[in-house]
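Residues per chain, in single letters:
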Amino acid sequence: MTAPATTIEVRKPGLSTTIQDGGRSGYYHLGIPPSGALDQYSLAAANALVGNGADDAVLEIVYMGPELRFTGPAVVAVTGAEIAPRVNGESRPLWESFAVAEGDVLDFDYLKAGSRAYLAVSGGFDTRVDLGSRSTYVIGSLGGVDGRPIAEGDVLPVGTGAAGRAGLVVPDGLRPAMSKDVEVRVVMGLYDHRLTDRGRATFLDTTWTLTPVADRMGFRYAGGELETVDREPPFGAGQDPSNIVDSPYPIGSIQVPGGVEPIVLHRDAVSGGGYMMVATVLSGDLDIVAQSAPRTRTRFVEVDLETALQLRAERKDRIARMYAALSD
Amino acid sequence: MPRHEVVSPIPGVFYRRPDPDSPPFAEDGASVTDDSPVGLVEVMKSFHQIPAGASGTVVEFLVGDEDEVDAGQPVAVVETA
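Quick notes on the rules
- Residues numbered from 1 in each chain as written.
- Chains lettered and ligands numbered in written order.
- Predicted model: local features only at pLDDT ≥ 70, side-chain atom pairs only at ≥ 80, totals over all residues.
- Helix = DSSP H or I, 4+ residues; strand = E, 2+ residues; numbered from the N terminus.
- Rg over C-alpha atoms; globule rule 2.2 N^0.38 Å.
- Buried ≥ 20, exposed ≤ 12 C-beta atoms within 10 Å, placed from the backbone.
- Contact = placed C-beta atoms within 7 Å.
- Domains from an automatic or database assignment.
- Nonpolar A, V, L, I, M, F, W, Y, C, P; charged D, E, K, R; others polar.
- Pairing = 2+ DSSP bridges.
- Axes fitted to C-alpha atoms, helices over the stretch in contact; angles between N-to-C directions.
- Parallel < 35°, antiparallel > 145°, perpendicular 65-115°, else oblique.
- Left-handed = near helix turned anticlockwise from the far one by under 90°.
- UniProt positions renumbered as here; feature names shortened; annotations may be inferred.

## A few points about the overall build of chain A
Thought 1: Regarding its fold elements, chain A presents four helices and 18 strands.
Thought 2: Relative to a compact globule of 328 residues, whose C-alpha radius of gyration would be 20 Å, chain A shows 21 Å and is just as compact.
Thought 3: A buried classification covers 47% of the 328 residues belonging to chain A.
Thought 4: For chain A, the share of sequence-separated contacts (at least 6 apart) that also reach a separation of at least 24 residues comes to 75%.

Pasting the structure below:
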């Protein structure tokens, strides 16, 4: 006889807690965005701590944590935002794996820094797979629990087969800093030719402030107005100087409707539209955007494509080193 | 008199009224109980009520209507009996 598989009962859902994994790649050209954990590094770290694959399904917790009850033993870990987990009211560390027993209740303290925390459980969340991913895409009702955030009374199944170990720790040097002052690296383009030299300088020299309009689709910033080049609108583009003939939007692209309030598109973004994209955030730095709370002061820092590719390789290496550090 | 700080658990925009045409949840000097709302915080297009968290008298609001608040920021003070 084997013990029945552990499940997790949702007693309180938190603000908007969703099942997310490495993402639903390959359908963006059909209008279905990749979704997945907004902070992919913290996703990998949470999974590494509990012995899962880097892209396995976890709970993404934003701003306010859920209250969960375990029906059996499990090894869990929380990474990302500073929002301390508690087992039966007793504090547990972030970035470390710990054991929970049958009947234990896991909840969370207030958010101290960052925005999104990732709760991984050994074996992963075994919820439904749509188009190759368990990630919740609420607008499309894909993945997750019936395509929506978790709700009170849900019972989340836990997969079997991974052997988690309590007491593993992500070393300090491999934990990202959570700050209210951040730099986000970008490659300029594809529509930065719509900006004057002054408009370009304003984009890169302004300390932008993240507004409360920040969710899985996009993050809107305030702080300046970008000067655009005068033109006759081409056929198919609207009259506003920020309008372009409709074009695909890359994940991480920064569109600037009206030349004010840049929006960084994130992993639940719409796949195309008619606003100029002046730059694109490096895929690794989308983790920094994901952890930005409203009022975070943000500078966009230009790098060239060669540097961006090098930084991507370094990030991949960092995740590999983290896995190595946790699997001795 | 002990003073209890009412804290917003989430970041967002703080509102004193349930909707623009209604009176505030609580005026200065109002009596509140543990679960009486003192305001709303809006973030990601959802509204989250902030309960007083203690019984007593609202003596002061620390932030204005429609001010942006951080997670963990005190928004009001309740004097408990």
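## Examining the overall build of chain B
Thought 1: When helices and strands are tallied, chain B shows zero helices and eight strands.
Thought 2: Computed over C-alpha atoms, the radius of gyration of chain B comes to 12 Å, within 12% of the 12 Å expected from 2.2 N^0.38 for 81 residues, which places it in the range of a compact globule.
Thought 3: Taken over the C-alpha atoms alone, chain B extends approximately 35 × 25 × 20 Å along its principal axes.
Thought 4: Evaluated residue by residue, chain B yields a buried proportion of 30% over its 81 residues.
Thought 5: The contacts of chain B with a sequence gap of at least 6 include a subset with a gap of at least 24, amounting to 57%.

## A word on the domain arrangement of chain A
All names here are of chain A.
Thought 1: Considered domain by domain, chain A is made up of domain 1 (7–173) and domain 2 (181–316).
Thought 2: Opposite the 17 residues of domain 1 that make contact, domain 2 presents twelve residues.
Thought 3: Listing elements by their share of the side of domain 1 that touches domain 2, those giving two or more residues are α1 (40–49), β5 (74–87) and β8 (105–121).
Thought 4: Residue composition of the side of domain 1 that touches domain 2, by class: seven nonpolar, eight polar and two charged.

## Concerning the interface of chain B and chain A
Thought 1: The interface of chain B with chain A comprises 14 residues on the first partner and twelve residues on the second.
Thought 2: Contributions of two or more residues to the side of chain B that touches chain A are made by β2 (12–15), β4 (37–43) and β5 (46–51) of chain B.

## As for the sheet that holds β2 of chain B
Thought 1: Pairing within the open sheet is antiparallel, and its four strands lie in the order β5-β4-β2-β7 (chain B). Both outer strands of the open sheet, β5 and β7 (68–69) of chain B, are each paired with one neighbouring strand and no more.

## A short note on the packing of α1 of chain A against helix α4 (residues 305–326) of chain A
To describe two helices that pack against each other, one gives the angle between their axes and the distance between the axes.
Residues and elements named next belong to chain A.
Thought 1: The geometry of α1 relative to α4 is characterised by a closest axis approach of 10 Å and an angle of 15° between their N-to-C directions. By the angle between their directions, the pair α1 and α4 is classed as roughly parallel. Considering only the axes of α1 and α4, their crossing is right-handed. Only Ile-319, Met-322, Tyr-323 and Leu-326 of α4 make contact with α1, whose side of the interface consists of Tyr-41, Ala-44, Ala-45, Ala-48 and Leu-49.
Thought 2: Residues of the contact of α1 with α4, tallied by class, amount to nine nonpolar, no polar and no charged.

## A word on the UniProt feature "domain: Carboxyltransferase" (unreviewed entry) in chain A
Thought 1: When the UniProt feature table is mapped onto this chain numbering, "domain: Carboxyltransferase" (unreviewed entry) sits at residues 29–318 of chain A.
Thought 2: Split by type, residues 29–318 of chain A is 13% helix and 33% strand. Its first and last C-alpha atoms lie 30 Å apart.

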